[in-house]
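# Residue-level structural notes
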Amino acid sequence: MTSSSSPSQDTTRLAHTYPEGLRADALMEEDVAWSNGNDGAWDGDQFDRSERAALRRVVGLSTELEDVTEVEYRQLRLERVVLVGVWTSGTAQDAENSLAELAALAETAGALVLDGVIQRRDKPDAATYIGSGKAEELRDIVHETGADTVICDGELSPGQLIQLEDVVKVKVIDRTALILDIFAQHAKSREGKAQVALAQMQYMLPRLRGWGQSLSRQMGGGRGGLATRGPGETKIETDRRRIREKMAKMRREIAEMKTGREIKRQERRRNKVPSVAIAGYTNAGKSSLLNRLTGAGVLVENALFATLDPTVRRAETPSGRLYTLADTVGFVRHLPHHLVEAFRSTMEEVGDSDLILHVVDGSHPAPEEQLAAVREVIRDVGATGVPEIVVINKADLADPLVLQRLMRVEKHSIAVSARTGAGIEELLALIDNELPRPSVEIEALVPYTHGKLVARAHDEGEILSEEHTADGTLLKVRVHEELAAELTPYAPAPLA
């Protein structure tokens, strides 16, 4: 942090001197630095990576078109942004970490961060978020740096957006709009796109603005004939009505897709297959961990919210028990409530699971804040009663003292590295121990003609011992009640 050009002492600026643009502290050394060598063996085929990088903006290449026959001027370039945050509570380091995370979000969205400003206030200004005097200072910073966008580290009201734009004379967006933009870029599945579209419309609805003739009446007037009398409907009212209609349609579509997801979950429950959900802060290494455990081939990238669409894969414990492993959307501090609501059907994977692997980045400057932010969202989706294992990832990059502190505070935790594989075997054993076990222990001599029962015992239960005899397969298993009832006729008769 360096001192601001402002004479006051309650505003500080975040200077960036990185040669290739800002790489914020929130983007730590990736637990999997992509290569075609060893990492590819457990990360699987990274098809999404090549697709995402197929068309990318490049700074410094001119795309201007000049032709005397065309009145046209176009230029493709990264948006140049200045960040601004209001520090209302906590330490100065907390405020800097929050702004660094905002810088990482801006980079993920495709912006070039030029500067950052933090202001100390008791609460954000109701009119311009940072106050009229500071807004004018921010205008000077924008003019000096040549920025074309200001990003605020908080959710601004429609009035604050309008008034701050009037002062700084460039586009102003807030943290929520930035996260929504990232989600819109990275959503790939039909359900993910629908959820992002719904969240964007919820955010947009109260922020619609009319300009000039856009406020004119669409119908009415006294001479128009039938059904045109009265004050009529303004253009902005028409836009709001259409957005509400689209939102209602989107909610119906998401509800239909939710039904399909629920059917799949019911099928897993019917087959008594335990489920494990991976939850955690964005960029904590959830996809890397899923790839390490199952070889799923999910996209791994050093970016916030690189993967949005949930992935469910089949896995097996060291003792041979089958379970499903679901990767969920990453969380972030101050996650917009629009996203929580829109992605509720996806986040229900966490609430319906038998075990949560709560992944936290051990190399992050403030891992405790990550834990608190994720648990807040877990409470919102009603998953507080699900057992939790705190998986401290990136242990190879973390400070040993930080690891010791986290493991001392989080009693049910384990340190691993998805990159090197350290601690993975211990994690698998812990999952095996924590997953719910079938309730009935039974011994049965199953004839060879009923091999399907033996196969079901392997798939749905826990094999304690198995022996092939002349009369059939002698099993000692732990199974659920339904399968136990089918195996009971083959139980050996008790000795007289």
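Quantities reported herein were computed from a predicted structural model and do not represent experimental measurements.

Reading guide: rules and limits
Residues numbered from 1 in each chain as written. Predicted model: local features only at pLDDT ≥ 70, side-chain atom pairs only at ≥ 80, totals over all residues. Heavy atoms only, no water. Core = buried A, V, L, I, M, F, W, Y, C linked by side-chain atoms within 4.5 Å. Buried < 20%, exposed > 50% of the residue type's maximum accessible area, 1.4 Å probe, protein only. Helix = DSSP H or I, 4+ residues; strand = E, 2+ residues; numbered from the N terminus. Expected span 1.5 Å × (residues − 1). Salt bridge = Lys/Arg side-chain N within 4 Å of Asp/Glu carboxyl O. Axes fitted to C-alpha atoms, helices over the stretch in contact; angles between N-to-C directions. Parallel < 35°, antiparallel > 145°, perpendicular 65-115°, else oblique. Left-handed = near helix turned anticlockwise from the far one by under 90°. Contact = heavy atoms within 4.5 Å. Nonpolar A, V, L, I, M, F, W, Y, C, P; charged D, E, K, R; others polar.

A separate point is the nonpolar core. Counting residues in each nonpolar core, the largest one holds 88 residues, and the members touching the most others are Val150, Phe305, Phe331, Leu335, Leu357 and Val391. For this core, the leading source of residues is helix α3 (residues 92-109), giving eight residues. Judged by nonpolar contacts, the second largest core, of 12 residues, contains Ala444, Val454, Val477 and Leu487.

What follows concerns helix α4 (residues 132-145). The end-to-end C-alpha distance of α4, which contains 14 residues, comes to 20 Å, matching closely the 20 Å that a straight helix rising 1.5 Å per residue would cover. Of the residues trailing α4, Gly146 is marked for its positive phi of about 75 degrees.

Another aspect to go through is the pattern of salt bridges. With the rule as written, the count across this model stands at 14 salt bridges. Between Glu79 and Lys171 there is a salt bridge, with the nearest N and O atoms lying 3.1 Å from each other. One end of the pair, Glu79, is in strand β3 (residues 79-87); the other, Lys171, is in strand β6 (residues 171-174), with 92 residues separating them in the sequence. Residues Arg375 and Glu410 are paired through a salt bridge, measuring 2.9 Å at the closest nitrogen-oxygen approach.

One way to put it is that α4 packs onto helix α5 (residues 158-168) with a least axis distance of 8 Å and a crossing angle of 50 degrees. Here α5 runs oblique to α4, going by the angle between their axes. The crossing of α4 and α5 is right-handed. Contact residues: α4 offers Ala135, Glu136, Leu138 and Arg139, while α5 offers Leu164, Val167 and Val168. Here the contact of α4 with α5 is built from residues that sort into five nonpolar, no polar and two charged.

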